[in-house]
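Understanding the architecture of this molecule
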Amino acid sequence: MLKVEKAVVAYGRATALREVSLVVNTGEIVTLIGANGAGKSTLLNAISGVVPLKGGDIWLDANRLSGLPSHRTVRLGVGYVPEGRQIFGTMTVMDNLTMGSYAHVARNWLRPLGYAGWALRSDTVKSNLEMVFDLFPVLKERRGQQAGSLSGGEQQMLAIGRALMSSPKILLLDEPSLGLAPNLVRDILRLIARLRAEGLTILLIEQDAAAALKIADRGYVMERGRIVLEGSSQELFRNDEVRQAYLGKTRA
Ligand code: ATP
């Protein structure tokens, strides 16, 4: 589904991605492992069009993402939950979710569908909202509340819910459990596994590499802007270097 071919990204003269290549197949959870500054967030930013590519190519199915700004990649099916959530704090929960559905509306707007198209659009938005409220009942309870007043875990749920409102094919998740209490971390990871079970494809950065490998099918290890190792989750889990460098502080 997603194919990154020799992607190069530089911030000024500092190169953050050095010919990074990876694939994510339909229905997989793939995790990116690496120390701080390895380039994981930059890779997600490049896929979603937040930072431009200096070299290489990125494809989502038959669509070339390289060179497209983020509002275009959303329409093509890239759902991005950046690090730090970045929800609209002064808007209500409901308005945040509605914002997420605009991409879906815009994508369909391009098709000359007439009245049936309008009905289809609003139906899809409605069913996406039902799905999000089903996944996160607390968001339904708090739909009129200012998003900035939600707890950290609730804000993370809102950020994921907002991305789901755009009917993504692939969800890019950057450290969804950052700053959450251990029981909420488990909830979020369980939720990610559930999203995959419901047909979504996921590329995940997670600070707790051991927890990520438990739910992922495959993983890539990044060091200083390069992919240095790839394998199935079991292979990476058993790999001595991975164990030593990234699985030291395994949560029970
Ligand atoms: P972390 O887990 O700390 O977020 P990461 O693996 O996601 O790390 P990136 O955030 O992608 O790594 O950073 C890769 C490199 O690019 C780092 O050297 C970082 O300092 C640099 N970098 C990231 N964003 C910018 C930016 N906006 N401007 C300049 N340099 C940046």
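**Digging into the site of the ligand**
Taken together, Y11, A16, A35, N36, G37, A38, G39, K40, S41, T42, E83 and E175 are the residues near the ligand. Y11 places a side-chain nitrogen or oxygen 3.5 Å from a nitrogen atom of the ligand. One of the side-chain nitrogen or oxygen atoms of S41 is found 2.7 Å away from an oxygen atom of the ligand. Isolated, the ligand exposes 630 Å² of accessible area, and the fraction of that covered by the protein chains is 56%.

**Here we look at the sheet that holds strand β7 (residues 170–174)**
With respect to topology, six strands assemble into an open sheet ordered β6-β7-β8-β3-β9-β10, the strand pairing being mixed. What marks the edges here is a single partner per strand, and that holds for β6 (78–81) and β10 (226–232). Strand-to-strand twist of the sheet, defined as the mean angle between neighbouring strand axes without regard to direction, takes the value 15°. Here β6 runs beside β7; their pairing, made up of four bridges, is parallel.

**Regarding the domain arrangement of the protein**
Taken domain by domain, the protein comprises domain 1 (1–77 + 168–252) and domain 2 (86–167). Summarising the inter-unit geometry, the C-alpha centres of domain 1 and domain 2 are found 24 Å apart. At the interface, 17 residues of domain 1 touch 14 residues of domain 2. Roughly 1300 Å² is buried in total at the junction of domain 1 and domain 2, and carbon and sulfur atoms are behind 74% of that figure. When the buried area of domain 1 at its contact with domain 2 is split by residue, R75, P168 and L191 rank highest and sum to 39% of it. Connecting domain 1 to domain 2 are one salt bridge. Where D134 meets R194, a salt bridge forms, and the shortest distance between an N and an O atom there is 3.3 Å. Our count for the domain 1 to domain 2 interface comes out at one residue pair in polar contact (both at pLDDT 80 or more). Secondary structure elements with two or more residues in the side of domain 1 that touches domain 2: α2 (70–76), β7 and α7 (182–197).

**Things to note about a nonpolar patch on the surface**
A contiguous nonpolar patch, built from F88, M99 and Y102 and spanning about 290 Å² of accessible area, is present on the exposed surface. Mapped onto the fold, F88 is located in the loop between β6 and α3 (93–109).

Conventions adopted
Per chain, residue numbering runs from 1 following the sequence as it is written. In keeping with the predicted nature of the model, local features appear solely for residues at pLDDT of at least 70, side-chain atom pairs appear and are counted solely at 80 or more, and the whole-chain, interface and lining totals rest on all residues. To get the side-chain values, all heavy atoms of the structure are used, and hydrogens and water are removed first. Definition of nearness: a residue and a molecule or strand are near each other if at least one heavy atom of the residue lies within 4 Å of the molecule or strand. Whenever a nitrogen or oxygen atom comes within 3.5 Å of another N or O atom, the pair is scored as a polar contact, on the condition that within protein one atom can donate a hydrogen and the other can accept it, and that pairs from neighbouring residues in sequence are kept only if both atoms are in side chains. Values of accessible area rely on a 1.4 Å probe in the Shrake-Rupley scheme; residue burial ignores everything except the protein chains shown. Here, strands pair whenever DSSP counts at least two bridges between them. Runs of E in the DSSP output that reach at least two residues are strands. Runs of H or I that reach at least four are helices, and both are numbered from the N terminus. Note on geometry: axes are C-alpha line fits, over the in-contact stretch for helices, and angles between N-to-C directions span 0 to 180 degrees. Domain borders in the structure are assigned automatically or taken from a domain database. Contacts: residue pairs with any heavy atoms within 4.5 Å of one another. Each of two parts loses accessible area, computed with a 1.4 Å probe, when they are put together; buried area is these two losses added. Any carboxyl oxygen of Asp or Glu within 4 Å of a side-chain nitrogen of Lys or Arg constitutes a salt bridge here. Within this analysis, patches are made of residues with over 30% relative accessible area and no salt bridge. Like charges are joined at 9 Å or less; nonpolar side chains (Val, Leu, Ile, Met, Phe, Trp, Tyr) at 5 Å or less.

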